[in-house]
Amino acid sequence: MKLTSVRGMRDFLPEDLAKRRLVEARVRELFELYNYAEIETPVLEHFDLFAKKSGEEITQRMYSFTDLSGRKLVLRPEGTAPVARLMATTLRTSPKPIRLGYIWSFFRYDEPQKGRYRQFYQAGFELFGSKRPEADAEIISVSNQLMKLLGFRGYEFRVNSVAVLREVLKEHNVSEGVQNQTLGLIDKRRYEEVVKTLRASKVSQDCIETMKQLFGIKGTDVPTTISKIKRTVEDYGDAREGLEDLETIVGLLDNPPRILIDAGFARGLEYYTGLIFEVYLPGLPIALIGGGRYDNLVETFGGEPTPAVGCAPGIDRLVLAMEEQEVATDEQRPAVVYVVPVGEMRTKAMEISAKLRQEKVRVELEVSGRGLKQCLSYARAREYEYVVIVGPEEAKKGMVILRDMKANVQTELPVERLPSQIKR
Ligand code: HAM
């Protein structure tokens, strides 16, 4: 029997989980501040939900199986498709715009490496029902706020519009299949293979040249970079429109983060129709947040035409980045008070513990029947701040002994004074 966890899946010990929870707490603060209602969907979905639009990159790496009734199911590899499924069904008639949030685990058969796991955690912000650039700007703003709240510095948003890439290909009659293949290769920066693929599909040299030019354009000076892209796609009406949207979105940002416009950037998911972005830290070549606009997904699932935009911060990667940038990952938590009965003081100790908890003190009650000496060495090993010793003599007088483990001093005091004495 193998007793290790499954490859690419991790056990979270208390200190690991505390770091994850810290990021999750910041995400939930933003759910509140931006009014995203948190939802939960099943971890298992029908295979077809993702097969339709999530893209080869993900669908080939799904954990899939057939259940006892012969249904083809998967462990969800991402969150946008399940939320769009809800929009196409249960939430079909709810007033729009609607903002939904989630923090779930996901599963992909990725090659395990730094920041890449087979079970991982993502938060999500999904905004349905608005085509307007204000919605895209809100998603960028929420991502920027999260990075700020977590204390990161020097991060960069890599931004593009898939509309530009797709429109150029469409104008040259490149089939949707080849478009998807091309964008998948661009996502991996395999530009030479893009050219080969387009040539093999007998796409015009004009198209290939335009694509090659786009791959070379990027810069943090947003207006200059956008002008360069504009000149390149001058003859492509719809591509220009995608670009103008991008310009408006960036222009709407209040207190914008550092933005790198990169015309040779794509994302592996096939449902994107406009803005796409990822957030990076210098020296850490893994995306911390990914997102974009997906105007057709709800309709693809049989719902009403519902424009949408969203993003998914990768919780595990944000934790990793916090460790790398030495951003504080430990939150001040209330001190632990270890309540130890001496002799027959079990009931009294339980009563005192209950009172302390009512006062919001974090209490661990001694339950192993060990002697005081052993209890004190246990408290030392666990680095607990306080021990409350409930002895028979003191109890008769309504008193207890409070031992400050750091200062190594103990005082006798009335039970009622305990909460105020214990620094929270
Ligand atoms: P994604 O880029 O595939 O987008 O994933 C979002 C984030 O999840 C990534 O930026 C990364 O931080 C994290 N992530 C992805 N794969 C792994 C992995 N194997 N191990 C650890 N972390 C990982 C989506 O999934 C879209 N649903 C995002 C979205 C929401 N677009 C619109 N709304």
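So, here is what we can say about the structure in this document. (Residues numbered from 1 in each chain as written. Predicted model: local features only at pLDDT ≥ 70, side-chain atom pairs only at ≥ 80, totals over all residues. Heavy atoms only, no water.)

Here's the deal with the overall build of the protein chain
Within the protein chain one finds 17 helices and 17 strands. Principal axes of the C-alpha set define a box for the protein chain whose edges measure 95 × 55 × 45 Å. For the protein chain, the share of sequence-separated contacts (at least 6 apart) that also reach a separation of at least 24 residues comes to 67%. In the form shown here, the protein chain has an accessible surface area of approximately 21300 Å², with 49% of it arising from carbon and sulfur atoms. (Helix = DSSP H or I, 4+ residues; strand = E, 2+ residues; numbered from the N terminus. Contact = heavy atoms within 4.5 Å. Areas by Shrake-Rupley, 256 points an atom, 1.4 Å probe, with all protein chains shown as cover.)

Re the site of the ligand
By nearness alone, 26 residues border the ligand, and Glu-78, Thr-80, Asp-110, Arg-267 and Tyr-272 come closest of all. For the ligand, an oxygen atom lies 3.0 Å from a polar atom in the side chain of Gln-122. In the complex, 96% of the free accessible area of the ligand, which totals 660 Å², lies under the protein chains. Broken down by element, the residue count for the shell around the ligand peaks at 6 residues, all from strand β11 (residues 284–293). Looking at the shell around the ligand residue by residue, the classes come out as 11 nonpolar, 8 polar and 7 charged. (Near = heavy atom within 4 Å. Polar contact = N/O pair within 3.5 Å; in protein donor to acceptor, adjacent residues only side chain to side chain. Nonpolar A, V, L, I, M, F, W, Y, C, P; charged D, E, K, R; others polar.)

A look at the sheet that holds strand β5 (residues 98–107)
Reading across from one edge, β1-β5-β6-β12-β11-β10-β7-β9-β8 is the order of the 9 strands in this open sheet, with mixed pairing throughout. One side of each edge strand has no neighbouring strand; the edge strands of this open sheet are β1 (37–38) and β8 (218–219). Here strand β7 (residues 156–161) runs beside strand β10 (residues 275–281); their pairing, made up of 6 bridges, is antiparallel. The residue of β10 that forms the bridge with Val-159 is Phe-277. On the sheet, helix α4 (residues 80–88) packs against β5 and β6 (119–128) and is oriented at approximately 140° with respect to β5. (Pairing = 2+ DSSP bridges. Axes fitted to C-alpha atoms, helices over the stretch in contact; angles between N-to-C directions.)

Here's the deal with the packing of aromatic side chains
As enumerated under the stated definition, the model contains 17 aromatic pairs in all. Where Tyr-155 meets Phe-157, the ring centres are 6.3 Å apart and the plane angle is 55°; that geometry is what we call tilted. Side by side, Tyr-155 and Phe-157 carry an identical accessibility label, which is buried. Ring plane angle 80° and centroid distance 6.0 Å describe the contact between Tyr-378 and Tyr-384, whose orientation is recorded as edge-to-face. With relative accessibility at 11%, the residue Tyr-384 sits in the buried group. A connected cluster of aromatic rings, assembled from ring pairs, spans Tyr-102, Trp-104, Phe-106 and Phe-120. The ring of Tyr-280 carries Arg-158 above its face, with NZ or CZ at 5.3 Å from the centroid. Positioned above the aromatic ring of Tyr-378 is the side chain of Arg-370, whose terminal nitrogen or guanidinium carbon lies 4.7 Å from the ring centre. (Phe/Tyr/Trp six-rings, centres within 6.5 Å; stacked < 30°, edge-to-face > 60°. Buried < 20%, exposed > 50% of the residue type's maximum accessible area, 1.4 Å probe, protein only. Lys NZ or Arg CZ within 6 Å of the ring centre and 35° of its normal.)

Function cannot be read off these values alone, since they describe shape.
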